[in-house]
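Each chain, written out:
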Amino acid sequence: MRIGFGYDVHKLVEERALILGGVEIPYKLGLLGHSDADVLIHAIMDALLGAAALGDIGKHFPDNDEKYKGISSLKLLAEVKYLLKAEGFSINNIDATIVAEKPKLAPYIPKMVDNIADCLGVNRDLVNIKATTTEGLGFTGVGQGMAAYAVCTIKSEL
Ligand code: MG
């Protein structure tokens, strides 16, 4: 069994869609980034790549590559799945936390779990997504951005 950890931050700005876990969430601000800036999926991708010792998302999906401009991060997550598969790894479980002061994310979490589990081809009970605020403190607390943390375990099938 191998453990991976991922962390990501994106800035909140006007005139961007807010996409978390592949779900478009109605809000006045969205996350800024080269792709759809799905901070949750980016943290999960880094956790999976880390567990497999395959580097990080910047290595596999450079943010100066036009190919990835505006791309759905679910497509990148699918590519990570194939990278792990090619190395003989299967996903054991994923646990992640989104850090955001607003909006309330609880109603959207089941759909995020569905999207991630479907994309990775794993059962829903292997994917856990949580959300927390930072009680008004720090960059997430004042609404300048959102962060996400993820851990995962994977196992070698070889
Ligand atoms: Mg990112």
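Everything in this summary refers to the structure shown in the same document. (Residues numbered from 1 in each chain as written. Predicted model: local features only at pLDDT ≥ 70, side-chain atom pairs only at ≥ 80, totals over all residues. Heavy atoms only, no water.)

Quick notes on the packing of helix α1 (residues 39-51) against helix α4 (residues 109-120)
Two measures define how a pair of helices packs: the angle their axes make with one another and the distance between the axes. As a packed pair, α1 and α4 sit with axes 12 Å apart at the nearest point and diverge in direction by 40°. As summarised for this structure, α1 and α4 are arranged oblique, according to the angle between their axes. At the point where α1 passes α4, the crossing takes the right-handed sense. Packed against α1, whose contacting residues are Leu40, Ile41, Ile44 and Leu48, the element α4 presents Met112, Ile116 and Leu120 at the interface. Tallied by class, residues from the contact of α1 with α4 come to 7 nonpolar, no polar and no charged. (Axes fitted to C-alpha atoms, helices over the stretch in contact; angles between N-to-C directions. Helix = DSSP H or I, 4+ residues; strand = E, 2+ residues; numbered from the N terminus. Parallel < 35°, antiparallel > 145°, perpendicular 65-115°, else oblique. Left-handed = near helix turned anticlockwise from the far one by under 90°. Contact = heavy atoms within 4.5 Å. Nonpolar A, V, L, I, M, F, W, Y, C, P; charged D, E, K, R; others polar.)

So, the layout of surface pockets
Over the atoms rolls a probe the size of a water molecule, and in doing so it shows where empty space is left. Here the largest pocket defines a volume of roughly 230 Å³. Ser35, His42, Ile57, Phe61 and Asp63 are, among the 14 residues lining the largest pocket, the residues nearest its centre. Sorting the residues of the lining of the largest pocket by element identifies β1 (2-14), α1 and α2 (57-60) as the ones contributing at least two each. Across the lining of the largest pocket, the residue classes tally to 6 nonpolar, 6 polar and 2 charged. (1 Å grid on protein atoms, 1.4 Å probe; cavity = no way out; pocket = protein on both sides within 12 Å on 5 of 7 lines; lining within 4 Å. Points joined across faces, edges and corners; volume = space filled by probe spheres on them.)

Details of the nonpolar core
Buried together is how nonpolar side chains tend to be arranged in soluble globular proteins. Formed by 51 residues in total, the largest nonpolar core has its most connected members in Leu20, Ile44, Leu48 and Ile129. With 10 residues, α1 is the largest single contributor of residues to this core. Setting aside chain neighbours within four positions, we find Leu20 in contact with Ile25, Leu31, Asp38, Val39, Leu40, Ile98, Leu105, Met112 and Met146. (Core = buried A, V, L, I, M, F, W, Y, C linked by side-chain atoms within 4.5 Å. Buried < 20%, exposed > 50% of the residue type's maximum accessible area, 1.4 Å probe, protein only.)

Considering the state of the cysteines
Considering all chains together, one arrives at 0 disulfides under this definition. Left unpaired, Cys119 is separated from the closest cysteine sulfur, that of Cys152, by 14 Å. Judged by relative accessible area, Cys119 falls into the buried class, the value being 14%. Under the relative-accessibility criterion, Cys152 is labelled buried at 2%. (Disulfide = S-S within 2.5 Å.)

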